[in-house]
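# Reading the structure
For reference, the chains in residue letters:
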Amino acid sequence: MSRRLRFAAVIAVQLAILAAVPARQVLARTRGREITLRTAPVDPFSPFGGYYLTLAYEVERPVAGQVAPGLRSGELVYLVVERREPAWSLVSISRERPARRPDRAILRARWRGGPSESVALEPRPWERAPIESAGRFYLPEVKAKRLEQAMADEWKRVNEIPWQEREAVQRTRMLVDLRVDDDGNVALVRLRYGGLAFEE
Amino acid sequence: MEHVSRGFREGLRRELPRWKDEQLVTDAAAAALADRYGLSKPEAGGPTILAVYLLGALLVGGGVVSLVAWNWDEMGRGARLAVILVAMLAAHAAGWRLRDRGRHERLGHGLQLLGTLIFGANIALVAQIFHVSGSWYGAFGGFALGALVAGVVLDSLPTLLVASFAALAVWGVGYADDHAIRGIVAAYALAALFLALSWRERSRALLLVTAAGLGAALFSPLANHAQALLPPLALGAALAALPLVARSDAQARLAGAGRVGGRLTFLFFAWILSFSDAARDARIEHGGSRALLLAVVPLALVAGALLVAGLKREGVDALARGEAMLLVVSLPALYAGLSIESGRGAVIVANLALAYLGLGRVVRGLSSLQRGPFWEGVLVLAVLIVSRFFEIEHLLWLKGAAFIACGAGITVAAMAFEKRLHRRAEVGHE
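Residues numbered from 1 in each chain as written. Chains lettered and ligands numbered in written order. Predicted model: local features only at pLDDT ≥ 70, side-chain atom pairs only at ≥ 80, totals over all residues. Heavy atoms only, no water.

Our focus in this paragraph is the overall build of chain B. Scanning chain B from terminus to terminus reveals 17 helices and zero strands. Along the first, second and third principal axes, the C-alpha set of chain B runs to 75 × 70 × 45 Å. Each of the 430 residues in chain B was classed as buried or not, and the buried ones make up 45%. Within chain B, residue pairs in contact and separated by at least 24 positions form 71% of the contacts whose partners lie at least 6 positions apart. For chain B, the accessible surface area stands at approximately 21,300 Å², while carbon and sulfur atoms represent 66% of it. (Helix = DSSP H or I, 4+ residues; strand = E, 2+ residues; numbered from the N terminus. Buried < 20%, exposed > 50% of the residue type's maximum accessible area, 1.4 Å probe, protein only. Contact = heavy atoms within 4.5 Å. Areas by Shrake-Rupley, 256 points an atom, 1.4 Å probe, with all protein chains shown as cover.)

Of the residues lining the interface, 33 residues belong to chain A; the matching set on chain B comes to 34 residues. Between chain A and chain B the total buried area reaches about 3,100 Å² when both faces are included, carbon and sulfur atoms providing 66% of it. Where chain A touches chain B, the interface holds zero salt bridges. At the junction of chain A with chain B, the criterion picks out nine residue pairs in polar contact (both at pLDDT 80 or more). Looking at the side of chain A that touches chain B, the elements that each hand over two or more residues are helix H1 (3-20), helix H2 (23-31), strand E6 (136-139) and helix H4 (141-159) of chain A. (Buried area = accessible area lost by both parts, 1.4 Å probe. Salt bridge = Lys/Arg side-chain N within 4 Å of Asp/Glu carboxyl O. Polar contact = N/O pair within 3.5 Å; in protein donor to acceptor, adjacent residues only side chain to side chain.)

Below, the discussion takes up the packing of H1 of chain A against helix H4 (residues 77-100) of chain B. Angle between the axes and distance between the axes are the two parameters that describe a pair of packed helices. Viewed as axis vectors pointing N to C, H1 of chain A and H4 of chain B meet at an angle of 160 degrees, and their least axial separation amounts to 11 Å. Judged on the interaxial angle alone, H4 of chain B and H1 of chain A are roughly antiparallel. Here the hand of the crossing between H1 of chain A and H4 of chain B comes out right-handed. Where H1 of chain A approaches H4 of chain B, its residues Arg 3, Arg 4, Phe 7, Val 10, Ile 11, Gln 14, Leu 15 and Leu 18 of chain A are matched on the opposing element by Leu 85, Met 88, Leu 89, His 92, Ala 93, Trp 96, Arg 99 and Asp 100 of chain B. (Axes fitted to C-alpha atoms, helices over the stretch in contact; angles between N-to-C directions. Parallel < 35°, antiparallel > 145°, perpendicular 65-115°, else oblique. Left-handed = near helix turned anticlockwise from the far one by under 90°.)

Right, let's get into the pattern of salt bridges. One pass over the full model with this rule turns up 29 salt bridges over all chains. Two residues, Arg 128 of chain A and Glu 60 of chain A, come together in a salt bridge whose shortest N-O distance is 2.4 Å. In this pair, Arg 128 of chain A is assigned in the loop between helix H3 (118-121) and E6 and Glu 60 of chain A in the loop between strand E2 (51-57) and strand E3 (76-82), connecting sequence segments 68 residues apart. Exposure remark for Glu 60 of chain A: the relative accessible area of 2% places this residue in the buried category. Three or more residues are tied together by salt bridges with common partners; here these are Arg 259, Arg 263, Asp 317, Glu 323, Arg 361, Arg 364 and Glu 376 of chain B.

The subject of this paragraph is unusual backbone geometry. Pro 86 of chain A follows Glu 85 of chain A through a cis peptide bond whose omega is 0 degrees. Relative to the helices and strands, Pro 86 of chain A resides in the loop between E3 and strand E4 (89-94). A positive phi angle is found at Arg 202 of chain B, which is not glycine, with a value near 55 degrees. Relative to the helices and strands, Arg 202 of chain B resides in the loop between helix H8 (180-201) and helix H9 (204-219). At His 286 of chain B, a position not held by glycine, the phi torsion is positive, near 55 degrees. Within the secondary structure layout, His 286 of chain B lies in the loop between helix H12 (276-281) and helix H13 (290-312).

Our focus in this paragraph is the sheet that holds strand E5 (residues 104-110) of chain A. Residue and element names in this part refer to chain A. The strand order E4-E3-E5 describes an open sheet built from three strands, whose pairing is antiparallel. Edge positions in the sheet fall to E4 and E5, since each of these pairs with one other strand and no more. The mean inter-strand angle of the sheet, taken between neighbouring strand axes irrespective of direction, is 30 degrees. (Pairing = 2+ DSSP bridges.)

Attention shifts here to the confidence of the model for chain B. Overall, the predicted model of chain B reaches an average pLDDT of 85, with 93% of residues at or above 70. Across the assembled chains, the prediction reports ipTM 0.74 with pTM 0.78. (pLDDT = per-residue confidence, 0-100.)

This brings us to a nonpolar patch on the surface. Residues Ile 348, Leu 352, Tyr 356 and Leu 359 of chain B make up a contiguous nonpolar surface patch of roughly 410 Å² in combined accessible area. Mapped onto the fold, Leu 359 of chain B is located in helix H15 (residues 344-368). (Patch = residues over 30% accessible without salt bridge, like charges linked within 9 Å, V, L, I, M, F, W, Y side chains within 5 Å.)

See below:
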C-alpha cells in the first residue's frame, strides 16, 4: 500500500469511528418523535469532559408489577412510556420490544438490579433501568452557571414550603425533552428547569 | 559499524582530535575508530529529542481536550466540530508530509501522535454535541481502535504505545471491571495483539506498556479481593521466563526488558503477599472463582511452557534460568498456600521467594562486579527483613536490634563490594 493510501486509510477509519459515536442519537433525531420525561439531577457538575448534568429519570425507577420477571443486571431492556402531563410515565419494563402504539414510546435501557423473580413484585430502591446514552446533558460554562444559580434559588424557595407540599413542587421542577425513534434510540433535545430552557 | 550509544559516539567525536594532537593515537588508528563507530554519519536527533516532541504532542493534545471540556459558548457546534476536525487533519497531514520526505522523522512522529490525540478529543466533542453518555471507558475503546489503526498503518511506534495504554490500561480495566470473564478474555486478546506488534517493532517500551496494561486489566475484576495479587505474580513469572527462549540478539534485548519488568512486578506483589494479613485476606476458597482461574492459569501455563523450553536449551544464562524457575515454581506453591487455612503457606512461600531472589541478585552483582544487581539484591533483602520486623508487635528490643543489624549489614556490604570493585580496577590498570 502506498504511503498516500495508508494516510487516507487512517483518516477514513478515524472519521468512521467519530461518525459511529453519535449514530443512535442521529437516528433518533432524524426519524424519532418528541417526548418529555421528568428527571432530577443526581451528580450536578463535573469539570471532566466539560460541564454536564447527570440525569436520573423518574421512568427509570419501576414500581411493583412494572418489571418483567427474571431480568439479569446489565441486560438490554425496553421501557414503555405513555403520554401524561407534564411528563410521560412508565408503563412497563420488558425484554422484548413491544409493538408500536401511537400514545406510547419505547426507550432502550439497561437493567441494573437483582436477578430474582421477586424484583417483579417489589423492586428495591437501588434497582433501576438507566436509559441508554441519555444520562448526561452537556452545557456550556455560562449556561451551566445560570442553571446552578437557578437550582440554588429553587432550593431556598422549596425549603420555605411546608414539607407536605414539597414533593409535588419538586416533582415538576426539571423536565427533559427527547426525541425517540421506534427502535428505542434517544437523543436529548432540551432541558427545562422552572422558567429556563436549555436547547442542545 | 559497531552498535554503541549516541553518548559514546559524541564523546569519541570530541576526544579523537585531541588524542591525535597529543599523539595518543595515530592518524590511521583515528580513521579506523571513526569508521568503526560511524562518526562521520550525522546523528538523527536522539531519543531525547523524540521524547521532547512527544511531550509537546501530549501537552498540545491535552490542551485541545481542555478546550473541548470548556465547551466554547461563543462558537456554534458546527464551527467547533469543523475547527477540531481541521486540527486533526492538519496534524496528521503535517506528520505524514515530514515523514514522507524523509526529513525530521521524529517531529513527524510527534505530529502524527498529536493527530491521533486530537482524534481522541474529537470523540469527546462529538459526545458533548450529541449528549452521548455511557460507560466511562467506552470512549477510550474507540480512541484505542483509531490509534491502533494509525500506529500500524503509519508505522508509528509512539502512536502504538498510546494505543496499547488506552486499550489495556484504560478500556481493558473498565471493561473487565464491568464484565469479568469477557473482560479477561478481551485483555488476553489485546495483549497478544500488542505483544506481536512489540515483536514486529522490536520495541521494549511497547512490550512493557502492554505487560503493565495486561496486569492492570487482570487485576481490575478481582480488585475487591486480595486475590487480585495473583495475576500480576503470574504475569511477572511469564515475563521473567522470556530470556529462556530468546534466540537472536533482538529477541534477547526484548526478553531482557521483559525479565526486568517481570522480576520487579513479582517482587512487589510477592512482598505484599509476604504479610500475614494480606495473605489471610487473599485466602482462596473452593479452588477460586472462574475469573481468578482465568486470570492466573493461562499466564502460569505460558510461564511453565517457557521454562520447559528453556530447560532443554544450552547457552541460557544460568542465573536467568534459576530466577525463572524460582518464579514459575512459586506460582502453584502460592496458590496452594492461599488455599489452606489463613493463607500461612503463601506467606512462607512469598518470603522464601523474595529471599532467594534477593540473594540471587547479590550473587549476580558479586560474580559480574556490577553495582545494579548487587544493590537491587541488598535492597530486596533489607526491605524483607525490615518488613518482617514491622509485623512483630512485641519484643521491641528485638525489633530495634534487627534494624541496627540491618543498617550495619548494608554499610559493611557496601564497603566490601566497593573495595572489591576498586581492587579489580587496580588489577585492570596493572
